[in-house]
Amino acid sequence: MLWFVGLGINGYQGLSVHALDILKSCKKICVERFTSEISERDLTNLRVLIADDTIEIIVVKRWVVEDGRLILEEARKKRVALLSYGDPLIATTHSELYVRAKKSSIDVRVIHAASGLTSVIGEAGLHFYKCGRSVTMMSEPQSAISVYNTIHDNLLAGNHTLILTEYAVNDSVKSPFLDPKEALKMLLGVEDDLKYGILNQDTFAIIASRIGTEDNNIVSGKIRSLMELDFGSGP
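Predicted, not measured: the structure shown is a model, and the values here were computed from it.

Caption draft 1: Structural view of the packing of aromatic side chains. Applying the stated rule across the entire model yields three aromatic pairs. Between Phe4 and Tyr98, the ring centres sit 5.9 Å apart and the planes meet at 50°, which makes this aromatic pair tilted. Separated by 94 residues along the polypeptide, Phe4 in strand 1 (residues 2-6) and Tyr98 in helix 5 (residues 92-103) bring together distant segments of the chain. A residue is classified by how much of its surface remains accessible, and Phe4, at 0% relative accessible area, is buried. Accessibility expressed as a relative area gives 25% for Tyr98, which makes it partly exposed. Taken together, a centroid distance of 5.4 Å and an interplanar angle of 50° make the contact between Tyr148 and Tyr196 tilted. Remark: Tyr196 occurs in the loop between helix 8 (180-194) and strand 8 (204-209) and Tyr148 occurs in helix 7 (residues 141-156); sequence separation between them is 48 residues. Residue Tyr148 is classed as buried on the basis of its relative accessible area of 0%.

Quick look at the structure:
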């Protein structure tokens, strides 16, 4: 059996009683930290909550989940859980693994949890039904063009755009999180090139960081003023 378990957005304290009971019933818990960060503190406290040395708790790399064969093979023989930040089926990688497990006749169950995507909209004072297609801003220049076009299409429909910034664990970079200021700078650069007239220094934006944590931060204002601020660490 394969369980997809969401950690939620409040760290290990966000686990429901039901989720904790399920994790304790598994023989192996695979923790993925590539869709978003799960801290070492949360991992330590998770092991304390499980309090069972017979349950194997490991951190799996991205390729293990994307390839999926190791997880599926073990799920055929014993109860395995894939624990991830937020809601477990937001990430397309997890959805694909879910479908593959079903096609392999493996019993699959899901424990949903709070997602940063829906939480940030409400905490920012916006309405979910007024948000258009969400998009992820990567550090590659081509990504900024895609995000810019999404903003344009959403504006035509009278909708807000939720932009998720890149989270990439890479030893060659100082921080795995794309700085919001860099994302805004890239978008303004695309405006200079394409000139659709949808963004400028006076465009109003909201930047939300670390939603669900004690040091969450939501700042709104014109882009020119936001470019002067330090938003701290991600996500």
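Caption draft 2: Highlighting the pairing of strand 8. Residues Ala205, Ile207 and Ser209 line the buried face of strand 8, whereas the alternating positions Phe204, Ile206 and Ala208 sit on a face that is not buried. Alignment of strand 8 against strand 9 (residues 217-222), held across six bridges, turns out to be antiparallel. Residue pairing across strands places Ile206 opposite Ser220, the latter belonging to strand 9.

Caption draft 3: Quick peek at the sheet that holds strand 3 (residues 56-60). Taken in spatial order, the five strands make up an open sheet running 3-2-4-1-5, and their pairing is parallel. Each end of this open sheet is capped by a strand with a single partner; those strands are strand 3 and strand 5 (108-111). Sheet twist, expressed as the mean angle between neighbouring strand axes with direction ignored, is 20°. One ladder, built from five bridges, connects strand 2 (residues 28-32) with strand 3; its direction is parallel.

The rules behind each value
Residues numbered from 1 in each chain as written. Predicted model: local features only at pLDDT ≥ 70, side-chain atom pairs only at ≥ 80, totals over all residues. Heavy atoms only, no water. Phe/Tyr/Trp six-rings, centres within 6.5 Å; stacked < 30°, edge-to-face > 60°. Helix = DSSP H or I, 4+ residues; strand = E, 2+ residues; numbered from the N terminus. Buried < 20%, exposed > 50% of the residue type's maximum accessible area, 1.4 Å probe, protein only. Pairing = 2+ DSSP bridges. Axes fitted to C-alpha atoms, helices over the stretch in contact; angles between N-to-C directions.

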